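Analysis of the macromolecular model
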Amino acid sequence: MAQQIRAPRGTRDLLPEEGAAWNRVESIARSLAERFGCARIDTPLFERVELFARGLGETSDAVEKEMFRVGGASGSEEERAEWALRPEPTAGIVRAYIENGMHVRPGPLRLWLLGPMFRYARPQAGRYRQFTQWDVEVIGDPGPMVDAELIDLAHRFYAEVGLRDVVAHLNSIGDGVCRPRFREALVTYFAAHEARLTADSRRRLRANPLRVLDDTLLEPELAAGAPRSVDYLCDACRAHFDGVRNLLDALGLRYVLDHRLVRGLDYYSRTTVEFYVAGREGQQQALGGGGRYDGLVELLGGRSTPAIGFGLGIDRTVLAALEQGAPVHASMPLVAVVGDLDDLAGRLRVAGTLRDAGLAVRPDGSPRRLGRQLESAAKAGARWAVIIGEGGSEGPVVLRDLESGEQHEVAVDAVAAAVTEAGLP
Ligand code: HAM
């Protein structure tokens, strides 16, 4: 036998058993995006490395350690160094916004994207090299109402998925006016404890001290004593943050203040947020995260434009939903079309009629005995069987409940109504 080829480390095959759960979660995301007035956008899966380096920051893990470089087989070393699979969608969406002159459209723009992201990190539970995000971005809205609205959107998503105890962690990391003072305070504080920092943090300390706070290996006592960004906010950032919190309180949305929440990407300003199942707040367990990035459009060559967004991890959401026993199955029951006459065209015709009526249908194309066809339909998960009898595809046919074994004759046109009616509680 030839040697087997295995999937790359850190990737997973989505197997049919999981497909229904993914479909359900993705359709909740799509439907919510629509209900929040967001329009779909898609961008390439690979972009210039420069886009990520400038947007996410040279010292972010995503750029410094986890870039998935790609290039043509015949390309030179330099050419291959130019492109990378996207580690996240925000930089690409902002590039598309600028490149397509989208600032002239009536704003604020509300956009969503659902698709795979790639980070070349060490794989572990809930952390993959290819994973899927549902991303929502609002470009051109200074807030604070939209900040609260997006946190509401994420909470609704988790609630509709059926996840319990999801809590938002919230912080404000200030802006270009007040952050320099906060950074300075961080450098002074951590420099005094330099020996206790990891090698990564020591290296990043002066270039980007916020990354030190984000270091998963930072000693908890050292983290607890570190300067807090909220103590350094300028008046405008303070007013913005108070505005967001007042709205969240007014809506009764759950959040906790998290002074360490600076996020792992450099484009953030003011509001930062992450979502967790309460009690499972380890670094690898964030179900989603995001925040305001008022400086990114300008940094990537556009005009100064406020913006905010989040990315919710679909892999982790599905995992958590399965763990909590949330409903995962699509609601549509499967109908098998079987028959013991050698009339394959008839089976396809009946299947077509039922599909026209909106049913999920799986015709059996085999010459097996009727009993065997019914058995295999039940094993394949069909809830109903339509048995074509003497009347052929014009009917009448027999509708059999594969759970109870009860059956009765109906006209082909009446099958959909009978199935729908029986499915009602
Ligand atoms: P992020 O926090 O890097 O933010 O990723 C968002 C979510 O994607 C995480 O909370 C997690 O659920 C999921 N995720 C990230 N890395 C992995 C991985 N290796 N395996 C599985 N799931 C993962 C962003 O990407 C920002 N673009 C969010 C944003 C949008 N900020 C503003 N707009």
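Computed from a predicted model, the values in this text were never measured in an experiment. (Residues numbered from 1 in each chain as written. Predicted model: local features only at pLDDT ≥ 70, side-chain atom pairs only at ≥ 80, totals over all residues. Heavy atoms only, no water.)

The next point concerns the sheet that holds strand β6 (residues 130–139). Taken together, the eight strands give an open sheet; going across it, the order is β1-β5-β6-β11-β10-β9-β7-β8, and neighbouring strands pair in mixed fashion. Edge positions in the open sheet fall to β1 (39–40) and β8 (255–257), since each of these has one partner strand only. For strand β10 (residues 288–292) and strand β11 (residues 307–313), the ladder comprises five bridges, and the chain directions are antiparallel. Along β11, the bridge assignment pairs arginine 292 with isoleucine 308. Packing of helix α5 (residues 90–99) onto the sheet brings it into contact with β5 (109–118) and β6, and relative to β6 it is tilted by some 45 degrees. The strands touched by helix α6 (residues 145–161) within the sheet are β5, β6, β7 (166–172), β9 (271–277), β10 and β11, with β11 carrying the most contacts at an inclination of about 15 degrees. (Pairing = 2+ DSSP bridges. Helix = DSSP H or I, 4+ residues; strand = E, 2+ residues; numbered from the N terminus. Contact = heavy atoms within 4.5 Å. Axes fitted to C-alpha atoms, helices over the stretch in contact; angles between N-to-C directions.)

Our focus in this paragraph is the packing of aromatic side chains. Enumeration over the complete set of coordinates arrives at eleven aromatic pairs. Arranged with centres 6.3 Å apart and planes meeting at 80 degrees, the rings of phenylalanine 68 and phenylalanine 118 form a pair that is edge-to-face. Taken together, the residues span a long stretch of sequence, with phenylalanine 68 in strand β3 (residues 68–70) and phenylalanine 118 in strand β5 at a distance of 50 residues. The exposure class of phenylalanine 118 is buried, given its relative accessible area of 10%. Ring centres of tryptophan 134 and phenylalanine 310 lie 5.8 Å apart, and the angle between their planes is 75 degrees; on these two criteria the pair is classed as edge-to-face. A residue pair is termed long-range when its members are at least 10 positions apart, and tryptophan 134 in strand β6 and phenylalanine 310 in strand β11 qualify at 176 residues. Each of the two residues, tryptophan 134 as well as phenylalanine 310, counts as buried. Counting every residue linked through ring pairs, the aromatic cluster contains Trp134, Phe157, Tyr158, Phe275 and Phe310. Its end group placed over the ring of tyrosine 128, arginine 12 keeps NZ or CZ at 4.3 Å from the ring centre. Taking the ring centre of tryptophan 384 as reference, the NZ or CZ of arginine 383 above it sits at 4.9 Å. (Phe/Tyr/Trp six-rings, centres within 6.5 Å; stacked < 30°, edge-to-face > 60°. Buried < 20%, exposed > 50% of the residue type's maximum accessible area, 1.4 Å probe, protein only. Lys NZ or Arg CZ within 6 Å of the ring centre and 35° of its normal.)

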